[in-house]
Amino acid sequence: MKLGRAGLGLIVGALLLAPQTATAGPALVFEPFNGTVFYAEDPDAPWFPASLTKLMTAYVAFQAIRNGEVKPDTQLICSKKATEQAPSKLWLKEGESITLETGLKVLIVKSANDVALMIAEAVAGSEEAFIQRMNDAAKRLNMTRSHFANPHGLPNDHQVSTARDLAKLARAIIIEFPEHADLFTAIQIQVGQKMLRTHNGLLVSLPGADGMKTGFICDSGFNVVASATREGRKLVAVVLGEPSVASRRVRATDLLENGFKRYFWKSLFGTSLDGLAIQASLSDGPVHLREVICGPKPSATQKPVRKKRVTRKRSRANLELDVDSAVANRSGARKPASSRGVN
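So, here's what we can say about the structure. (Residues numbered from 1 in each chain as written. Predicted model: local features only at pLDDT ≥ 70, side-chain atom pairs only at ≥ 80, totals over all residues. Heavy atoms only, no water.)

**Structural notes on unusual backbone geometry**
Here Pro87 and Ser88 are connected by a cis peptide whose omega angle stands at 0 degrees. Considering the arrangement of structural elements, one finds Ser88 in the loop between helix 3 (80-83) and strand 4 (97-99). Although it is not a glycine, Asp42 sits at a positive phi angle of roughly 50 degrees. In this fold, Asp42 is placed in the loop between strand 2 (37-41) and helix 2 (53-66). Overall, Asp42 belongs to the partly exposed group, its relative accessible area being 39%. Phi at Trp91 is positive, roughly 65 degrees, even though this residue is not glycine. Within the element layout of this structure, Trp91 appears in the loop between helix 3 and strand 4. (Helix = DSSP H or I, 4+ residues; strand = E, 2+ residues; numbered from the N terminus. Buried < 20%, exposed > 50% of the residue type's maximum accessible area, 1.4 Å probe, protein only.)

Shown next, in the form of structure tokens:
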């Protein structure tokens, strides 16, 4: 009878713990210099990368700089197509320009979608040619389950990656382009009269944090690739599909903290990114989290709710859609399905 009660206790305990595992999205923690994996959960599940896409945009731009195709002072001209991109954005007018060096800072810190397109057009001549470079780079990096369809991460069903592939990309940036490391540590940058602040709160809250990028669209949930260095030891966490800014930050923090605590024996016995066994996904395509994160789309017959217009004295820069802040501060209210901003 005692044995039966003990067994029942184990079963109940397992059931109590089960929901945490079941509701967690893909995650991976690794050491970038040797590629050792410290933790992996659904690393091969297809996922919408959202603005984590901009890590590949930066990577391709870094390659072009190294190859002499462009220079840091190369001018990025704002095209009509760039002005049409959804926020977050820099809000340049058609014909206005910034340097590539400034553009890369805005790309990572502000996650500006108009600037992502400006970089693509300046580096490759067209968005289409740049996207081809992105997919060529993914192939070279053995990102076998990734496909890019735009340079910014705005919603596109053909824009797909995985935690493992994004880890490979982050590792390539860290190893191949250490001269650009400072780009990912910036908490804020000034462009003209605008002060642009990072969406990556881990740079402030996590000791040793030194990059890299956040991402969000309704279908993906809240994503982040986060790096931290302590006592000469560097770890990177990939977290996908969290339901809020706060939970994304907490999960990334927990994963990195645990990684540093277990660094010694994990570094001895962990497997590599390429050596990690392929974990079959339960679906052929990425999960769509829109209804969970942002609520259902309004029906075609549903009339929009009119709200009273409130006149506020704000600069245009402050009217930008900051998805992280907006969703975090709405006290549980759902974000409108029509909103397309990513960061």
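**Here's the deal with helix 4 (residues 100-109)**
Extensive coverage of helix 4 is indicated by the burial of seven of its ten residues. Among all positions of helix 4, only Leu100, Gly103, Leu104, Val106, Leu107, Ile108 and Val109 are buried. At the exit of helix 4 stands Ser111, carrying a positive phi of roughly 60 degrees.

**Topic: the packing of aromatic side chains**
Centre-to-centre distance and the angle between the planes together describe a pair of aromatic rings. In the structure shown here, the tally under the stated rule is five aromatic pairs. Geometrically, the ring pair formed by Phe62 and Phe177 is tilted, given 5.4 Å between the ring centres and 55 degrees between the ring planes. With Phe62 in helix 2 and Phe177 in the loop between helix 7 (163-176) and strand 5 (188-191), this residue pair connects regions lying 115 residues apart in the sequence. These aromatic residues form a ring-pair network of at least three members: Tyr59, Phe62, Phe177 and Phe184. (Phe/Tyr/Trp six-rings, centres within 6.5 Å; stacked < 30°, edge-to-face > 60°.)

**Some thoughts on the sheet that holds strand 7 (residues 209-217)**
Spatial ordering of the open sheet is given by 2-1-9-8-7, a layout of five strands whose pairing is antiparallel. This sheet does not close on itself; its edge strands, each paired only once, are strand 2 and strand 7. Across the sheet, the axes of successive neighbouring strands diverge by a mean angle of 5 degrees, strand direction being ignored. Note that strand 8 (residues 221-230) and strand 9 (residues 233-242) share eight bridges and pair antiparallel. Counted as the bridge partner of Phe222 is Glu242 from strand 9. Its contacts with the sheet put helix 7 on strand 1 (27-30), strand 7, strand 8 and strand 9, and the angle it makes with strand 9 is roughly 145 degrees. (Pairing = 2+ DSSP bridges. Axes fitted to C-alpha atoms, helices over the stretch in contact; angles between N-to-C directions. Contact = heavy atoms within 4.5 Å.)

**Notes on the packing of helix 2 against helix 6 (residues 127-140)**
One way to put it is that helix 2 packs onto helix 6 with a least axis distance of 10 Å and a crossing angle of 95 degrees. Taken together, the axis directions place helix 2 and helix 6 in an arrangement best described as roughly perpendicular. For the pair helix 2 and helix 6, contact is made by Thr53, Met56, Thr57, Tyr59, Val60, Gln63 and Ala64 and by Phe130, Arg133, Met134, Ala137, Ala138 and Arg140, respectively. Among the residues forming the contact of helix 2 with helix 6, the class breakdown is eight nonpolar, three polar and two charged. (Parallel < 35°, antiparallel > 145°, perpendicular 65-115°, else oblique. Nonpolar A, V, L, I, M, F, W, Y, C, P; charged D, E, K, R; others polar.)

**What to know about the pairing of strand 2**
Bridge count for strand 1 against strand 2 is four bridges, and the pairing is antiparallel. By the bridge assignment, Leu28 is partnered in strand 2 with Ala40. Taking the residues that link successive antiparallel strands as the turn, the strand 1-strand 2 hairpin has six residues, and the phi of Gly35 there is positive, at about 75 degrees.

**Considering the state of the cysteines**
What makes a disulfide is a covalent bond joining the sulfur atoms belonging to two cysteines. Inspection of every chain in the model, using the stated rule, returns one disulfide. Two residues, Cys218 and Cys294, share a disulfide whose sulfurs are 2.1 Å apart. Its torsion about the S-S bond being -90 degrees, the disulfide of Cys218 and Cys294 is classed as left-handed. Highlighted residues: Cys218 in the loop between strand 7 and strand 8 and Cys294 in the loop between helix 11 (290-293) and helix 12 (323-328), separated in sequence by 76 residues. In this pair, the class of Cys218 matches that of Cys294, namely buried. (Disulfide = S-S within 2.5 Å.)

**Side note on a nonpolar patch on the surface**
On the surface, a nonpolar cluster with roughly 520 Å² of combined accessible area is contributed by Phe264, Trp265, Leu268 and Phe269. Note on placement: Phe264 falls in helix 10 (residues 263-269). Overall, Phe264 belongs to the exposed group, its relative accessible area being 58%. (Patch = residues over 30% accessible without salt bridge, like charges linked within 9 Å, V, L, I, M, F, W, Y side chains within 5 Å. Areas by Shrake-Rupley, 256 points an atom, 1.4 Å probe, with all protein chains shown as cover. Salt bridge = Lys/Arg side-chain N within 4 Å of Asp/Glu carboxyl O.)

**Thoughts on the pattern of salt bridges**
According to the stated counting rule, one finds eleven salt bridges in the structure shown. In this structure, Lys168 engages Asp274 in a salt bridge whose closest nitrogen and oxygen atoms are separated by 3.2 Å. Placement of Lys168 in helix 7 and of Asp274 in the loop between helix 10 and helix 11 is noted, with a sequence separation of 106 residues between them. The salt bridge involving Arg230 is made with Glu257; its shortest N-O contact spans 2.9 Å. Taken as a pair, Arg230 in strand 8 and Glu257 in helix 9 (residues 245-261) lie far apart in primary sequence, 27 residues in all. Look at Glu257 and you get partly exposed, because its relative accessible area is 24%. Salt bridges sharing common partners tie together Glu41, Glu242 and Arg251.

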